[in-house]
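Close look at the chain arrangement
Residues per chain, in single letters:
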Amino acid sequence: MATEVETWTGAAQHDGVFSFDQERAGEDGSFGDEDLLSETEVNGNWTPQEKALHEAKLKAKAKRRLRKSSSRDSTRESLSESASGELGADPHSPKGKINVNDRKSRTGKGRGLPKKGGAGGKGVWGAAGMVYEMEEPDAKDPNYDDVAQGDTIYATVVPELDEKELVKMVNPIVKEYFQHGDTKEVQMLLKELNLGSHKFEFSSMAVSLSFEYKASHRELTSRLLSDLSGKMLSESDMARAFDRMLKELPDLILDTPEAPQMLGQFVARAIADHVLPMSFLNRYKGKVDCDHARAALDRAAVLLSMKRGIMRLDNVWGVGGGQRPVKHLIKEMNLLLKEYLISGDVPEAERCLRDLEVPHFHHELVYEAVVMVLESKGDKAIKMMVKLLQAFWKMGLITLDQMNRGFQRVYE
């Protein structure tokens, strides 16, 4: 039995697998005596199936070690070849190492060409021969220098107003103008707005807004249109504005029944002030179907056809209360009182007094009324004048101060 074990052990030493393992163990010390003893002991006691399985494991282990050793040998050869190309080069120096920045594929795949044709990677500005166009400087660039870019011009961009915003901005401007009457202030405010294609609508909005106010405000509106003409609004803009108002007359008369007559006076005054061309009325002859628009154009034609009509159109709205001469106001109040004594119509007298727009001069009406009663005969004039002054007092048209000043003037 000992002879068989010894013979088998000696034969095993000449086997290809175990001899290779012994040689490799001599080189790198990977096999030791413990492995050989354990293998001898196991092979002596195992069955043939277990022995075959164990040998297969040993062969697989030997193949893995063979692959590792072959890769280490190839690395050594590549290093020795690169070192031999340089005289006196140190294989351990950085130059002797593999060029990690080489753009060729080291995986063994592909055609060995650079990635992206040599135009990609960190620190690369593109392929060779590529010509770059001139780029505009970016203000967000950290290296941007505004001084080196030359003079910078800053401009304020005002967006164009739409129709809703136009109404919201223009109405306060016109109402404020009715208070101060300064056309230059209006021009300055309009320059700050970007009216754009809605520029002509300013004229139509100002005229339609004046319908709701007194004659003095309509006079201010006519002056405003005259001052804006040629500066901010052209004749074509004015013509478009009045064309639009003629079309909107059916809606305007719902709030202002006298709108056709007022618009006709505006047209006549605009032609007299050279705001509208003289041919404005001629373009509508025989082409108007709306009765209200026809009435407005007829009113303008009548005013212009009067003798010295263009000269008289300066007072088409009458003269404002504060601008009228004192003699003219006294004459108007005398005429008002005489018409009242004839008709006895208190509301008409009230309307005439309000149209004069001189609340600071109402003491003159009290004075003229008392003097007229003193000069009259009978009690009828006394009762009618007392009734009139009493009505004006109750409705607040004549204040206490104006009433006292009128009687004080009579005493004096």
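Numbering of residues begins from 1 in every chain and follows the order in which that chain's sequence is written. Given that the model is predicted, a residue must reach a pLDDT of at least 70 before its local features are reported, and side-chain atom pairs must reach 80 or more before they are shown or counted; all residues, however, enter totals for whole chains, interfaces and linings. Each side-chain value is worked out from all heavy atoms of the structure, with water and hydrogens disregarded.

**A short note on the overall build of the chain**
A tally of helices and strands in the chain yields 18 helices and zero strands. Think of it in three bands: residues with accessible area under 20% of the maximum for their type are buried, residues over 50% are exposed, and the middle band is partly exposed, with areas taken using a 1.4 Å probe on protein chains only. Across the 412 residues in the chain, those meeting the buried criterion constitute 32%. Counting only contacts in the chain whose residues sit at least 6 apart along the sequence, the fraction spanning at least 24 positions is 67%. As presented, the chain carries roughly 28200 Å² of accessible surface, and 54% of it is formed by carbon and sulfur atoms. Under the DSSP-based scheme used, a helix requires at least four consecutive residues in state H or I and a strand at least two consecutive residues in state E, with every element numbered from the N terminus. Whether two residues are in contact is decided by their heavy atoms, any of which lying within 4.5 Å being enough. Values of accessible area rely on a 1.4 Å probe in the Shrake-Rupley scheme; residue burial ignores everything except the protein chains shown.

**Points about the packing of helix α14 (residues 326–343) against helix α17 (residues 380–394)**
Interaxial angle, 0 to 180 degrees, is taken between N-to-C directions of lines fitted to C-alpha atoms, where a helix line uses only the stretch in contact. As a packed pair, α14 and α17 sit with axes 10 Å apart at the nearest point and diverge in direction by 115°. By the angle between their directions, the pair α14 and α17 is classed as roughly perpendicular. Note on packing geometry: the crossing formed by α14 with α17 is right-handed. Across the interface between the two elements, Leu-337, Tyr-340 and Leu-341 from α14 touch Ala-381, Met-384, Met-385, Lys-387 and Leu-388 from α17. The nonpolar class holds Ala, Val, Leu, Ile, Met, Phe, Trp, Tyr, Cys and Pro. Asp, Glu, Lys and Arg form the charged class, and all remaining residues, Gly among them, are polar. Here the contact of α14 with α17 is built from residues that sort into seven nonpolar, no polar and one charged. Roughly parallel means an angle under 35 degrees; roughly antiparallel means over 145; roughly perpendicular covers 65 to 115; every other angle is labelled oblique. Here is the rule for handedness: rotate from the far helix to the near one, and if that takes an anticlockwise turn smaller than a right angle the crossing is left-handed, while a clockwise turn gives right-handed.

**Focus: the packing of aromatic side chains**
A pair of aromatic rings is counted whenever rings of Phe, Tyr or Trp (Trp by its six-membered ring) have centres within 6.5 Å, and the orientation is called stacked for planes under 30 degrees apart, edge-to-face for over 60 and tilted otherwise. Under the definition given, this model contains five aromatic pairs. Both rings, one in Tyr-177 and one in Phe-178, keep their centres 6.2 Å apart while their planes meet at 45°; by these two values the pair is tilted. Exposure remark for Phe-178: the relative accessible area of 7% places this residue in the buried category. Ring plane angle 50° and centroid distance 6.0 Å describe the contact between Phe-211 and Phe-266, whose orientation is recorded as tilted. In this pair, Phe-211 sits in the loop between α7 (201–210) and α8 (215–228) while Phe-266 sits in helix α11 (residues 259–272), placing the two residues 55 residues apart along the sequence. Summarising the burial analysis for this pair, Phe-211 and Phe-266 share the class buried. What links up through ring pairs into an aromatic cluster is the set Tyr-177, Phe-178 and Tyr-213. Over the aromatic face of Tyr-367 sits the side chain of Arg-409, whose NZ or CZ is 4.2 Å from the ring centroid. By definition, being over a ring means that NZ of Lys or CZ of Arg is both within 6 Å of the ring centre and within 35 degrees of the ring normal.

**Notes on the nonpolar core**
A general trend in soluble globular proteins is that nonpolar side chains are found buried together. Nonpolar core, defined: a set of buried Ala, Val, Leu, Ile, Met, Phe, Trp, Tyr and Cys residues in which side-chain atoms within 4.5 Å join the residues together. By size, the foremost hydrophobic cluster in this structure holds 54 residues, and its most contacted members are Leu-190, Phe-202, Phe-242, Leu-246, Leu-263, Leu-276 and Phe-280. Per element, the largest residue contribution to this core is nine residues, and it comes from α11.

**Focus: a nonpolar patch on the surface**
The grouping of Trp-125, Met-130 and Tyr-132 at the surface amounts to a nonpolar patch, some 440 Å² of accessible area in total. Mapped onto the secondary structure, Met-130 falls in the loop between α4 (48–84) and α5 (163–180). Every patch collects residues that have over 30% relative accessible area and no salt bridge, joining them within 9 Å if they carry like charges and within 5 Å if they are nonpolar side chains (Val, Leu, Ile, Met, Phe, Trp, Tyr). By convention in these notes, a salt bridge is any Lys or Arg side-chain nitrogen within 4 Å of a carboxyl oxygen on Asp or Glu.

**Observations concerning the pattern of salt bridges**
By the definition in use, this model includes 10 salt bridges. With a closest N to O distance of 2.9 Å, Asp-273 and Arg-269 form a salt bridge. A salt bridge links Arg-354 to Glu-350; the nearest nitrogen and oxygen atoms lie 3.0 Å apart. Taken together, the residues Arg-354 and Glu-350, both in helix α15 (residues 346–356) and four residues apart, mark about one turn of the helix. Shared partners join several salt bridges into a network, and the residues in it are Glu-219, Arg-223, Arg-269 and Asp-273.

**Considerations on the confidence of the model for the chain**
For every residue, the predictor reports its confidence as pLDDT, a number between 0 and 100. For the chain, the average pLDDT comes to 75, and 71% of its residues sit at 70 or higher. In this model residues 1–37 is a low-confidence stretch, pLDDT under 50, and it forms 22 contacts with partners more than four residues away in sequence or in other chains.

**What to know about the environment of Leu-337**
For Leu-337, the position within the fold is in helix α14. Beyond its immediate sequence surroundings of up to four residues, Leu-337 is in contact with Leu-365, Glu-368, Ala-369, Met-372, Met-385 and Leu-388.

**Remarks on the packing of α14 against α15**
Put simply, α14 and α15 touch, their axes get as near as 10 Å, and they point 170° apart. In terms of orientation, α14 lies roughly antiparallel with respect to α15. Residues Glu-332, Met-333, Leu-336 and Tyr-340 of α14 form the contact with α15, whose participating residues are Val-346, Ala-349, Cys-352, Leu-353 and Leu-356. Here the residues of the contact of α14 with α15 are counted per class, giving eight nonpolar, no polar and one charged.

**Overview of the side chain of Gln-402**
Within the secondary structure layout, Gln-402 lies in helix α18 (residues 400–411). On the basis of relative accessibility, which here comes to 7%, the residue Gln-402 falls in the buried class. A distance of 2.8 Å separates a polar atom in the side chain of Gln-402 from the backbone nitrogen of His-363. N or O atoms within 3.5 Å of each other form a polar contact, as long as, within protein, one can give a hydrogen and the other can take it, and as long as residues adjacent in sequence are counted only when both atoms are side-chain atoms.

**As for unusual backbone geometry**
Residues other than glycine seldom take positive phi values, yet His-274 does so here, at roughly 60°. Looking at where His-274 falls in the secondary structure, it is placed in the loop between α11 and α12 (291–305).

**Considerations on helix α6 (residues 183–191)**
Residues of α6 that are buried: Thr-183, Val-186, Gln-187 and Leu-190. What you see down the axis of α6 is that its buried residues fit within an arc of 100°, all on one side. Those residues of α6 that are buried lie in contact with α5, α7 and α8. The N-cap residue of α6 is Asp-182: its side-chain oxygen and the backbone nitrogen of Lys-184 are 3.2 Å apart. The arc in question is the one spanned by the directions pointing from the helix axis to the C-beta atoms.

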